[in-house]
Amino acid sequence: MKLSQYFLALLCPIILLSSCKKNTDEVVADTKSTFSIEFENQVNGSPLVLNTTTYKNAKGEDFKINVFKYYVSNIKLSKADGTTYLIPESYFLIDASKSESTNITLKDVPTGDYTKIEYTIGVDYARNFAGAQTGALDPINGMFWTWNSGYIFVKLEGTSPQSIAAGNTLTFHIGGVTDPNNTIRTFATEINAANPLRVRTDSKPNMHFIVNAAALFTGKTDVSFATLNITMGGANSVIVANNYANGLFRLDHIHN
Amino acid sequence: MLFLSIALMYACSKNEDEVTPEEKKITFSVPANFPAPVYNFEDNKLSNAGFALGKKLFYEARLSADKSVSCGSCHQQFAAFTQLDHKVSHGVNNCQGKRNTPPLFNLAWQKAFFWDGGVKNIETSPLNAITDACEMGTDIQTIIAFLKNTAPYPELFKQAYGSTEINSQLILKSIAQFTAVLVSGNSKYDKVMRKESGISFTSPELAGYNLFKEKCASCHAAPFFTDFSYRSNGLDLVSTDEGRSHITGVASDFGKFRVPTLRNIEYTSPYMHDGRFYSFDEVLEHYNSGVKASTNLDVQLKNGIPLNTTEKEQIKAFLKTLTDNEFIKNTLYSES
């Protein structure tokens, strides 16, 4: 803390020199730093292990997961005073098979104490219809539909003995942005004011979220794999999106 | 400062002269009788090198799984970039697709692509063909690896984008430089509309034009000869292809397809989403006597469009004025 004040004191005249009109308050607001978010994939409290572990859905049906990928985008932070900061170009694809993808870093975030975070589960309307993209949105990632433009927001593939599809497969490709089958959902969570997300030039906090893959199948509507084992957009995708809208993510703790 | 900018201007213009001594600058030109385009190259700056790369990729058969099929195999220039004589597209391993290949021109004015409007951006419209098991049967990773290891592609990417880096975005953007530049607006019809000197309709063409305005233009609206809406023209009582409802999930869209353009229609046979008709005569006879009372039949067609023999001949004469030979024969668009 002390150190950072000294540092700021040092920094002030430099910034003042370069932009004469700004007062000191703004200078503080102008400093930027980094924080990270870890997404810990689980299934009903157990770690998510692809391909081998058997889990149960809310109907008591067994299932395994082979693929679990989802987009987190348009991350927005709010302070207690109500001011917000939308992190530009924040598009991330979390893939349970790629451990490096489960820890994301957000750079150039204005320093401050944030008490709320919200983000889109999926990709905003405009980018679904935009021209060729790169990075997380590159169609190479297998999350873009080529016959009906738009991104797969959440992809879960696996098997269940209850599934009547060939090979007992489960194919949940959730996406679609036009009514009545719009599956864009926003997740928001308050951060305990006693331990806010403290973004400082001298500290780079880490937020830790638990992600429950089983949330696709419970919440508003318990899904039975006997009747719903494949959806690629459309009304059934909306059922799944309504389930995971609130249950997929839970803020566990913050390391400041 | 002033001196500096003048010096820079001088340097720039000199440079350009050096790079392209006689090469014609590729431009995207909007015909005088067309509205403003939807795609305007804002995020994909048109350049000779970008266009040349896009064209080369378009004609590159080695991109497909069995190295036999390029974009140009299904989209043939002499057929206004559709596939001549194929009811439905014909891809790798002699696989037959489910729909008739649409022609490619004036795409920069389209807000949606494919017969059902499922694809929303010209840049992403090749993706389905690349990945479809029945079209090119490959994936972008394979294509990127191929291009990275095959001369002269790294060099061509460097010329177009300043780096030998090859990724899906640059591939798709360069292909769009080629496909979006394909503009067809120099048919006899266009020249008559623009009152270009010495060009006028013959009397059968004029009679056909008047009939067309009365009976067809409500859907096949000028200047694109489509209003880009989705409709059923009563081909089947129950369509085997869902059409538009596959995208919207709305029952009232079942069996509807995008109204196709009629430009260059003389060269784009066979006709309709499944390529069921081979000639103008079959098409006109469909409107005259073959319209089926499908559930979502367009109300304008509930009694068909009665046409006698003279009227049919006149409409045919008019439709041929929509042929743009300069476009079909433009060597700029040909495989070189």
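Residues numbered from 1 in each chain as written. Chains lettered and ligands numbered in written order. Predicted model: local features only at pLDDT ≥ 70, side-chain atom pairs only at ≥ 80, totals over all residues. Heavy atoms only, no water.

**Student:** Even after reading the chapter, I still don't get the overall build of chain B, so can you show me in this structure?
**Tutor:** Each helix and strand counted, chain B has 13 helices and two strands in total. For a compact globule of 336 residues, the expected C-alpha radius of gyration is about 20 Å, and chain B comes in at 22 Å, within 12% of that figure. In terms of its C-alpha atoms, chain B occupies a principal-axis envelope of roughly 70 × 50 × 35 Å. For chain B, the proportion of contacts with a sequence separation of at least 24, taken over those separated by at least 6, is 67%. For chain B, the computed accessible surface area is about 16000 Å², with 56% contributed by carbon and sulfur atoms. (Helix = DSSP H or I, 4+ residues; strand = E, 2+ residues; numbered from the N terminus. Rg over C-alpha atoms; globule rule 2.2 N^0.38 Å. Contact = heavy atoms within 4.5 Å. Areas by Shrake-Rupley, 256 points an atom, 1.4 Å probe, with all protein chains shown as cover.)

**Student:** Teacher, can you tell me more about the overall build of chain A here?
**Tutor:** For chain A, the helix and strand inventory stands at four helices and 16 strands. Each of the 256 residues in chain A was classed as buried or not, and the buried ones make up 50%. Accessible area of chain A: about 11700 Å², with a carbon and sulfur share of 53%. (Buried < 20%, exposed > 50% of the residue type's maximum accessible area, 1.4 Å probe, protein only.)

**Student:** In this structure, what is going on with helix H2 (residues 48-58) of chain B? I would like to understand it.
**Tutor:** Residue pairs spaced three or four apart in an α-helix point in one direction, given the helix's 3.6 residues per turn. In terms of burial, H2(B) is largely enclosed, as eight of its eleven residues are buried. What H2(B) keeps buried is the set Asn48(B), Gly50(B), Phe51(B), Leu53(B), Gly54(B), Lys55(B), Leu57(B) and Phe58(B).

**Student:** What's the story with unusual backbone geometry in this structure? I'm lost.
**Tutor:** One can expect most non-glycine residues to show negative phi and most peptide bonds to be in trans. In this model, Asp179(A) is joined to Pro180(A) through a cis peptide bond whose omega is 5°. Structurally, the position occupied by Pro180(A) is in the loop between strand S11 (169-175) and strand S12 (185-190). Of note, the amide linkage connecting Ala222(B) to Pro223(B) takes the cis form, showing an omega dihedral of 0°. By secondary structure assignment, the location of Pro223(B) is in the loop between helix H9 (203-215) and strand S1 (230-231). Unusually for a residue other than glycine, Asn44(A) sits at a positive phi of about 45°. Looking at where Asn44(A) falls in the secondary structure, it is placed in the loop between strand S1 (32-43) and strand S2 (46-47). On the basis of relative accessibility, which here comes to 45%, the residue Asn44(A) falls in the partly exposed class. Positive phi values are uncommon outside glycine, yet Phe114(B) reaches one of about 80°.

**Student:** Before we go on, may I ask you to explain the interface of chain A and chain B in this structure?
**Tutor:** In many analyses, interface size is given as the accessible surface area lost on bringing the parts together. Across the boundary between the two partners, chain A contributes 15 residues, which contact 21 residues of chain B. The junction of chain A with chain B conceals about 1500 Å² of combined surface from both sides, 56% of it contributed by carbon and sulfur atoms. Of all residues in chain A, Ala132(A), Thr146(A) and Trp147(A) give up the largest surface area on contact with chain B, accounting jointly for 36% of the area buried on that side. For the interface between chain A and chain B, the tally reads eight residue pairs in polar contact (both at pLDDT 80 or more). (Buried area = accessible area lost by both parts, 1.4 Å probe. Polar contact = N/O pair within 3.5 Å; in protein donor to acceptor, adjacent residues only side chain to side chain.)

**Student:** Where do I start with the domain arrangement of chain B in this structure?
**Tutor:** Residues and elements named next belong to chain B. Parsing chain B into structural domains produces domain 1 (41-183) and domain 2 (188-325). Just the C-alpha atoms count here: the centres of domain 1 and domain 2 sit 27 Å apart. Of the roughly 2000 Å² buried at the junction of domain 1 and domain 2 (both faces included), carbon and sulfur atoms supply 56%. Broken down residue by residue, the surface that domain 1 buries against domain 2 is led by Lys-87, Trp-115 and Asp-116, which jointly contribute 31%. With its nearest N and O atoms 2.8 Å apart, the salt bridge here joins Asp-241 to Arg-99. At the boundary of domain 1 and domain 2, one finds eight residue pairs in polar contact (both at pLDDT 80 or more). For the side of domain 1 that touches domain 2, the class distribution of residues is twelve nonpolar, eight polar and six charged. (Domains from an automatic or database assignment. Salt bridge = Lys/Arg side-chain N within 4 Å of Asp/Glu carboxyl O. Nonpolar A, V, L, I, M, F, W, Y, C, P; charged D, E, K, R; others polar.)

**Student:** Help me out: how do you make sense of the nonpolar core in this one?
**Tutor:** All names here are of chain A. Counting residues in each nonpolar core, the largest one holds 88 residues, and the members touching the most others are Phe-39, Phe-68, Phe-172, Tyr-244 and Phe-249. If you tally residues by element for this core, the top one is strand S4 (residues 62-79), at eight residues. Once residues lying within four places of it in the same chain are set aside, the contact partners of Tyr-244 are Ile-121, Phe-153, Val-154, Ile-174, Thr-183, Ala-215 and Leu-216. (Core = buried A, V, L, I, M, F, W, Y, C linked by side-chain atoms within 4.5 Å.)

**Student:** So what exactly am I meant to see when it comes to H9(B) here?
**Tutor:** Residue and element names in this part refer to chain B. Under the 1.5 Å per step criterion, the end-to-end length of H9 is 18 Å for 13 residues, consistent within 8% with the ideal 18 Å. Restricting attention to buried positions, one finds in H9 the residues Glu-205, Gly-208, Tyr-209, Leu-211 and Phe-212. Turning to H9, the residues buried within the fold contact helix H8 (188-193) and helix H12 (309-320). (Expected span 1.5 Å × (residues − 1).)

**Student:** What is the right way to look at the packing of H9(B) against H12(B) in this model?
**Tutor:** Residues and elements named next belong to chain B. At a minimum axis separation of 7 Å, H9 and H12 run at an interaxial angle of 95°. Considering the angle they form, H9 stands roughly perpendicular to H12. Note on element contacts: H12 touches H9 through Glu-311, Gln-314, Ile-315, Ala-317, Phe-318 and Leu-319, opposite Pro-204, Glu-205, Ala-207, Gly-208, Tyr-209, Leu-211, Phe-212 and Lys-215. A breakdown of the residues in the contact of H9 with H12 according to their chemical character gives nine nonpolar, two polar and three charged. (Axes fitted to C-alpha atoms, helices over the stretch in contact; angles between N-to-C directions. Parallel < 35°, antiparallel > 145°, perpendicular 65-115°, else oblique.)

**Student:** Sorry if this is basic, but what is going on with the side chain of Gln42(A) here?
**Tutor:** Residues and elements named next belong to chain A. Of note, Gln-42 is situated in strand S1. Note on Gln-42: relative accessible area 12%, which makes it buried. If near-sequence neighbours (up to four positions away) are discounted, Gln-42 is found in contact with Pro-47, Leu-48, Ile-210, Val-211, Asn-212 and Ala-213.

**Student:** In this structure, what is going on with the confidence of the model for chain B? I would like to understand it.
**Tutor:** In low-pLDDT regions, the fine details of the predicted coordinates are not to be read closely. Here chain B averages 91 in pLDDT, while 93% of its residues score no lower than 70. Both scores are available for the predicted complex, with the pTM at 0.88 and the ipTM at 0.84. (pLDDT = per-residue confidence, 0-100.)

**Student:** When you look at the environment of Val92(B) in this model, what are you seeing that I'm missing?
**Tutor:** Note that Val92(B) resides in the loop between helix H3 (71-74) and helix H4 (126-131). Residue classification places Val92(B) among the buried positions, given a relative accessible area of 1%.

**Student:** I tried to follow the pattern of salt bridges on my own but got confused; where do I start?
**Tutor:** Side chains that differ in sign of charge can pair as their charged atoms come close. Within the structure shown, the criterion is met by 22 salt bridges over all chains. Close ionic contact of Asp252(A) with Arg250(A) constitutes a salt bridge, the shortest N to O distance being 3.2 Å. The exposure class assigned to Asp252(A) is partly exposed, which follows from its relative accessible area of 38%. Residues Lys188(B) and Glu205(B) are paired through a salt bridge, measuring 2.9 Å at the closest nitrogen-oxygen approach. With Lys188(B) in helix H8 and Glu205(B) in helix H9, this residue pair connects regions lying 17 residues apart in the sequence. Taken together, the shared-partner salt bridges in this structure form one network comprising Arg99(B), Asp116(B) and Asp241(B).

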